[in-house]
Amino acid sequence: AQSVTQPDIHITVSEGASLELRCNYSYGATPYLFWYVQSPGQGLQLLLKYFSGDTLVQGIKGFEAEFKRSQSSFNLRKPSVHWSDAAEYFCAVGPHTNAGKSTFGDGTTLTVKP
Amino acid sequence: GAGVSQSPRYKVAKRGQDVALRCDPISGHVSLFWYQQALGQGPEFLTYFQNEAQLDKSGLPSDRFFAERPEGSVSTLKIQRTQQEDSAVYLCASSLMRFQPQHFGDGTRLSIL
């Protein structure tokens with residue numbers, strides 16, 4: 001069965017500081033991995049995705065993530081955080097090869113201090 | 001272009017009532033997904049359509065939950081005899097094809113009193 005763990009429930013960083021959000025996954029084959037951002041009262045917006053190839057992927061809003069197969073990780077990074085980045089971030093794996101469903105982590109809430 | 005549209009945005013119902021939630025996917029998107037998101041948690045998969053075919057309904061929590069997509073575009077998620085534990089945000093997502101990234105609607109927040 002596929003699963004996603006986001007170890008940090010809540011992270012606070014100062015504006016302009018760097019950010020890393022952790023994501024660990026369990027999946028039986030080569031995973032499709034995603035990071036989404038969700039602002040209050042809104043749906044999820046895709047930040048970036050990994051399907052295959054280069055393990056460092058670039059996304060929107062200055063985010064990047066690195067796929068590390070040996071560590072089963074797909075951590076999200078940003079070199080300099082902006083106040084508008086405050087939101088909830090979800091890592092997801094999938095869709096499952098046969099079932100077409102994605103499995104999401106429980107999310108990390110990011111607070112940005114001025 | 002237009003994104004995924006869900007209606008209503010908010011729904012309040014009394015326990016035991018039936019509700020219907022609508023999803024208008026992005027035009028031309030073959031795949032459509034429904035998720036349930038409880039407060040403070042990530043979305044949980046409910047069901048998946050490819051065109052009008054419901055290929056996976058393994059996430060539907062009980063036989064009170066029913067989803068359809070009769071013409072391969074608009075989808076409706078119906079919950080019969082609602083219970084308090086059904087209170088959640090219901091998210092719909094569509095994608096061009098199965099393994100392409102999903103585009104999410106803003107969700108329907110369902111509250112069962």
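In this text the structure is predicted, and so the values were computed from the model without any measurement.

(A) Geometry of the overall build of chain A. Along its length, chain A carries zero helices and 12 strands. Starting at the N terminus and walking to the C terminus, you meet the elements of chain A as β-β-β-β-β-β-β-β-β-β-β-β. The C-alpha radius of gyration computed for chain A amounts to 14 Å, which stays within 12% of the reference 13 Å derived for 114 residues, consistent with globular compactness. Projecting the C-alpha coordinates of chain A onto the three principal axes gives extents of approximately 45 × 30 × 20 Å. Per-residue burial for chain A yields a buried fraction of 46% across its 114 residues.

(B) How the structure looks around the packing of aromatic side chains. Applying the stated criterion across every chain yields a total of 15 aromatic pairs over all chains. Ring centres 5.9 Å apart and planes at 85 degrees place the aromatic pair A:Phe34 and A:Phe51 in the edge-to-face group. Of this pair, A:Phe34 sits in strand β5 (residues 33-38) while A:Phe51 sits in the loop between β6 (44-50) and β7 (56-58), and the two are 17 residues apart along the sequence. Between B:Phe33 and B:Tyr35, the aromatic rings sit 6.4 Å apart at their centres with planes inclined by 25 degrees, giving stacked as the arrangement. Note on accessibility: B:Phe33 and B:Tyr35 belong to one class, buried.

(C) A look at the pattern of salt bridges. Overall, the coordinates contain seven salt bridges over all chains when judged by the stated rule. Between A:Arg77 and A:Glu66 there is a salt bridge, with its nearest N and O atoms 3.3 Å apart. In this pair, A:Arg77 sits in strand β9 (residues 73-78) while A:Glu66 sits in strand β8 (residues 64-68), placing the two residues 11 residues apart along the sequence. Under the relative-accessibility criterion, A:Arg77 is labelled partly exposed at 24%. We classify A:Glu66 as partly exposed; its relative accessible area is 24%. The shortest N-O distance in the salt bridge between B:Lys78 and B:Glu68 comes to 3.3 Å. Separated by 10 residues along the polypeptide, B:Lys78 in strand β8 (residues 75-79) and B:Glu68 in strand β7 (residues 65-68) bring together distant segments of the chain. For B:Lys78, a relative accessible area of 32% translates into the label partly exposed. Judged by relative accessible area, B:Glu68 falls into the partly exposed class, the value being 27%.

(D) Quick peek at the sheet that holds β8(B). All names here are of chain B. An order of β1-β3-β8-β7 is seen for the four strands of this open sheet, with the pairing classed as antiparallel. The sheet terminates laterally at β1 (5-7) and β7, the two strands that pair on one side only. Adjacent strand axes in the sheet meet at a mean angle of 15 degrees when their direction is disregarded. As paired strands, β1 and strand β3 (residues 19-24) are joined by three bridges and run antiparallel to one another. Of the residues in β3, the one forming a bridge with Ser7 is Arg22.

(E) View of the pairing of strand β4 (residues 31-37) of chain B. Residue and element names in this part refer to chain B. Where burial is concerned, most of β4 is hidden: seven out of the seven residues are buried. Here β4 shows two buried faces, one formed by Ser31, Phe33, Tyr35 and Gln37 and the other by Leu32, Trp34 and Gln36. Alignment of β4 against strand β5 (residues 44-50), held across six bridges, turns out to be antiparallel. Paired with Ser31 across the two strands is Gln50, which belongs to β5. In this structure, the hairpin formed by β4 and β5 is closed by a connection of six residues, where Gly40 is found at a positive phi of approximately 80 degrees. Bridge count for β4 against strand β9 (residues 88-95) is seven bridges, and the pairing is antiparallel. Bridge pairing in β9 places Gln37 opposite Val89.

What counts and how
- Numbers given to residues run from 1 along each chain, matching the order in which its sequence is written.
- Here chains are named by letter from A upward and ligands by number from 1 upward, in the order in which they appear as written.
- A pLDDT threshold of at least 70 governs which residues receive local features in this predicted model, and a stricter bar of 80 or more applies before side-chain atom pairs are shown or counted, although totals over entire chains, interfaces and linings include all residues.
- The side-chain numbers reported here are obtained from all heavy atoms of the structure, hydrogens and water having been left aside.
- Secondary structure elements are defined from DSSP: runs of H or I of at least 4 residues count as helices, runs of E of at least 2 residues count as strands, and each element is numbered from the N terminus.
- The globule rule is 2.2 Å times the number of residues to the power 0.38, and the radius of gyration it is compared with is taken over C-alpha atoms.
- Burial status follows relative accessibility: with a 1.4 Å probe on protein chains alone, a residue under 20% of its type maximum counts as buried, one over 50% as exposed, and anything between as partly exposed.
- Planes of paired rings set the category: under 30 degrees apart is stacked, over 60 is edge-to-face and the rest tilted, where pairs are Phe, Tyr or Trp rings (Trp by its six-membered ring) whose centres lie within 6.5 Å.
- Every case where a carboxyl oxygen of Asp or Glu lies within 4 Å of a side-chain nitrogen of Lys or Arg is listed as a salt bridge.
- Note on pairing: DSSP must find at least two bridges between two strands before they are called paired.
- In this analysis an axis means a line fitted to C-alpha atoms, helices contributing only their contacting stretch, and an angle means the value between N-to-C directions, from 0 to 180 degrees.

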